[in-house]
Amino acid sequence: MLANGSTLVAAFQTGRISGGGATAIGWATSSDGGTTWTHGFLPGLTTGEGSGPYDAASDPVVAYDAKHGVWMISSLPISSMSQTPAVAVSRSTDGGMTWQNPVSADPAAPSSDKNWIVCDTWASSPHYGNCYLQWDDPSSADEIFMSTSSDGGLTWSAPLGTASLAHGIGGQPLVQPSGTVIVPLETNSMAAFSSSDGGASWSAPAVISNIQFHADAGGIRSGPLPSAAIDSAGTIWVVWEDCRFRSACSTNDLVYSTSTDGVNWSAVTRVPIDDVSSTVDHFIPGIGIDPSTAGGSAHVGLHYYYYSQSACTQSTCQLFVGYISSANGGATWNAPTAVTGAMQLGWLPTSQNGLMVGDYIATAFINGVPHGVFAVAQANASGVFNEAIYTAQGLTANAAGRQLSSANDLPLHKLSDAIEKESPEKGSIPPNRRARLRLK
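An account of the accompanying structure is given in this report.

Rules of the game
Residues numbered from 1 in each chain as written. Predicted model: local features only at pLDDT ≥ 70, side-chain atom pairs only at ≥ 80, totals over all residues. Heavy atoms only, no water. Helix = DSSP H or I, 4+ residues; strand = E, 2+ residues; numbered from the N terminus. Rg over C-alpha atoms; globule rule 2.2 N^0.38 Å. Buried < 20%, exposed > 50% of the residue type's maximum accessible area, 1.4 Å probe, protein only. Contact = heavy atoms within 4.5 Å. Areas by Shrake-Rupley, 256 points an atom, 1.4 Å probe, with all protein chains shown as cover. Core = buried A, V, L, I, M, F, W, Y, C linked by side-chain atoms within 4.5 Å. Salt bridge = Lys/Arg side-chain N within 4 Å of Asp/Glu carboxyl O. 1 Å grid on protein atoms, 1.4 Å probe; cavity = no way out; pocket = protein on both sides within 12 Å on 5 of 7 lines; lining within 4 Å. Points joined across faces, edges and corners; volume = space filled by probe spheres on them. Nonpolar A, V, L, I, M, F, W, Y, C, P; charged D, E, K, R; others polar. Pairing = 2+ DSSP bridges. Axes fitted to C-alpha atoms, helices over the stretch in contact; angles between N-to-C directions. Disulfide = S-S within 2.5 Å.

1. What about the overall build of the chain?
At step 1: When helices and strands are tallied, the chain shows zero helices and 29 strands.
At step 2: For 440 residues, the compact-globule estimate of 2.2 N^0.38 gives 22 Å, and the chain sits close to it at 20 Å.
At step 3: C-alpha extents for the chain along the principal axes are approximately 55 × 50 × 45 Å.
At step 4: Of all 440 residues assigned to the chain, the portion counted as buried reaches 59%.
At step 5: For the chain, contacts bridging at least 24 residues in sequence account for 58% of all contacts bridging at least 6.
At step 6: Taken as a whole, the chain presents about 15700 Å² of accessible surface, with 54% of it coming from carbon and sulfur.

Here is the structure:
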């Protein structure tokens, strides 16, 4: 989900197909700050929606091009029979209320996964109005590619790799006021690469941190993919799930690192949702920052999923959505809020990588108010899944009540479970580069 002015646009899979992707890509738009919503399906994309050529689609991401007044949703088309582009980009020129048939980025791509899209909305930037697409290619061991548009998403440049032909997954490009694009992603570590010339070239990745990961219980689809956001001064925040502050890597905290240049990153810091002795397991974060705030006054909002007890099974795990915020750039945090009641894992659809509640959720601010977007499942009825996309009312990022801090918390070990090898949505299985041994 993304916000601009009083408009929120969200995108999500609809009708999950267990082998990969979804029957359609759904969208929901609010022009009144989240009070009311209009929703539908992207046209010209899938046979399930009825007007498109592809069997399925996946990985929808929202962007807004302020220079050209265009909302965009990028997605991965999937077909068992025909050639598909690396990424399809659907455009709306009326505030996200109607959507055009998609255009293609890299129409002859052999494979692609984990796309992301962002536009340069800084009027003072030398590259104002450029939009940037990122994806990886599983057929080439997850090599990362970038493509640029300067005409509101109508056409896209030939894909470019990084200076080191880097491999990774889950990149999330962000644009600084200077026009520099910084792309946090998961490689063999948490890392980031950048471009300062409007996407004409891309640097080699710089390491943010190693990754220490506790495998989430119950067969749920999750992992340490980054979630990233930027404040009004251009400071980048990257959040992921990590077990370094937990004894014996027994459960995950959410941790973060920040940078002003994409090269030099702060020490990894724990979000103090609960005490390090708790049994709570936190995963799938979605960070947002109030775009009118920065630095030590930045208002940070974070939605996430969690288990109340990490040592659970598919039949006993209790899945919740939570929210936590900071009004002072992470120096202290408000007490967390449980946004949903408990969900049972048996209510979730299967995927080729486990039970799926989604790979990403989001937090977006309008007039200082945070809005999340997340999937909530309810009990199946006669074998039919009952899951929808929700947001929550009444949340805030203002300081209130008792403040929480992790200032004195230190990493306890270098342990990590193996990060599971993920089968991409398009069906090409990447090599074992993502499998890691538990470090002793």
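Moving on, there is more to tell.
2. Quick look at the nonpolar core
At step 1: Ile220, Tyr305, Tyr307, Leu319, Leu345, Leu348 and Val357 are the most contacted members of the largest nonpolar core, which has 25 residues in total.
At step 2: Taken together, the elements giving at least two residues each to this core come down to β20 (281-289), β21 (300-307), β22 (318-326) and β28 (369-381).
At step 3: At four residues, β28 tops the list of elements feeding residues into this core.

3. Some words on the pattern of salt bridges
At step 1: Counted under the stated rule, the structure contains nine salt bridges.
At step 2: Of the charged contacts in the structure, one is a salt bridge between Arg221 and Glu425, with a shortest N-O distance of 3.5 Å. Taken together, the residues span a long stretch of sequence, with Arg221 in the loop between β15 (206-209) and β16 (227-230) and Glu425 in the segment after β29 (384-390) at a distance of 204 residues.
At step 3: Looking at Glu425, the relative accessible area reads 3%, which means it is buried.
At step 4: Bridged by salt links that share partners, the residues Arg16, Lys114, Arg221, Asp359 and Glu425 form one connected network.

4. Regarding empty space enclosed by the protein
At step 1: Within the structure shown, the criterion is met by one cavity of 30 Å³ or more.
At step 2: Around the largest cavity, the lining comprises 21 residues; the ones closest to its centre are Ser222, Gly223, Pro224, Leu225 and Glu422.

5. Observations concerning the environment of Thr7
At step 1: Looking at where Thr7 falls in the secondary structure, it is placed in strand β2 (residues 7-16).
At step 2: Taking the relative accessible area as the measure of exposure, Thr7 reaches 14% and is therefore buried.
At step 3: For Thr7, the residues in contact, after removing those within four places along its chain, are Leu2, Thr29, Ser30, Ser31, Trp71, Gly95 and Ile366.

6. What about the layout of surface pockets?
A water-sized probe rolled over the atoms picks out the places where empty space is left.
At step 1: Reported here for the second largest pocket is a volume of approximately 160 Å³.
At step 2: For the lining of the second largest pocket, the secondary-structure elements that each account for two or more residues are β2 and β29.
At step 3: Of the residues contributing to the lining of the second largest pocket, the split by class is eight nonpolar, two polar and no charged.

7. So, unusual backbone geometry
At step 1: Residue Lys114 is not a glycine yet carries a positive backbone phi of 50°.
At step 2: Here Lys114 lies in strand β9 (residues 113-119).
At step 3: Located in the positive-phi region is Ser382, a residue other than glycine, with phi close to 55°.
At step 4: The topology assignment puts Ser382 in the loop between β28 and β29.

8. Details of the sheet that holds β28
At step 1: Read across the open sheet, the three strands follow the order β27-β28-β29; overall the sheet is antiparallel. Edge positions in the open sheet fall to β27 (362-366) and β29, since each of these has one partner strand only. Sheet twist, expressed as the mean angle between neighbouring strand axes with direction ignored, is 25°.

9. Topic: the pairing of strand β10 (residues 131-137)
Both faces of the sheet carry side chains from a regular strand, because those side chains alternate between them.
At step 1: Extensive coverage of β10 is indicated by the burial of seven of its seven residues.
At step 2: Burial of β10 is two-sided: the residues Cys131, Leu133, Trp135 and Asp137 facing one way and the residues Tyr132, Gln134 and Asp136 facing the other way are all buried.
At step 3: Across five bridges, β9 lies against β10 in antiparallel orientation. Bridge assignment links Asp113 to a residue of β10, and that residue is Asp136.
At step 4: Bridge analysis of β10 against strand β11 (residues 143-149) gives seven bridges, and the strand direction is antiparallel. Among the inter-strand pairings, Gln134 is bridged to a residue of β11, identified as Met146.
At step 5: Between β10 and β11, which pair antiparallel one after the other, the connecting turn spans five residues, and Ala141 there sits at a positive phi close to 60°.

10. Some words on the pairing of β28
At step 1: Relative to β28, β27 runs antiparallel, the two being bridged by five bridges. The partner of Phe365 across the bridge, within β28, is Pro370.
At step 2: Connecting the antiparallel pair β27 and β28 is a turn made up of two residues, with Asn367 showing a positive phi of about 50°.
At step 3: Summarising the sheet, β28 and β29 pair through six bridges and their orientation is antiparallel. Within β29, the residue paired with Ala377 across the bridge is Glu387.
At step 4: The hairpin turn running from β28 into β29, its antiparallel successor, is two residues long, and Ser382 in that turn takes a positive phi close to 55°.

11. Some words on the state of the cysteines
At step 1: Within this structure, the stated rule accounts for three disulfides.
At step 2: One disulfide in the model links Cys119 with Cys131; its S-S distance is 2.2 Å. As the torsion about the S-S bond is roughly 105°, the Cys119-Cys131 disulfide counts as right-handed. With Cys119 in strand β9 and Cys131 in strand β10, this residue pair connects regions lying 12 residues apart in the sequence.
At step 3: Accessibility expressed as a relative area gives 7% for Cys119, which makes it buried.

12. What to know about the side chain of Thr84
At step 1: By the element assignment, Thr84 lies in the loop between β6 (70-78) and β7 (87-92).
At step 2: Filtering out sequence-adjacent residues up to four positions away, Thr84 remains in contact with Tyr54, Pro77, Ile78, Ser79, Pro107, Ala109 and Lys426.

13. Topic: the sheet that holds strand β12 (residues 174-175)
At step 1: The four strands lie next to each other as β12-β13-β14-β15, forming an open sheet whose pairing is antiparallel. Sheet topology places β12 and β15 at the edges, where each strand pairs with a single neighbour.
At step 2: Inspection of the sheet shows β12 paired to strand β13 (residues 181-186) by two bridges, in the antiparallel sense. Bridging from a neighbouring strand, Leu174 pairs with Ile182 of β13.

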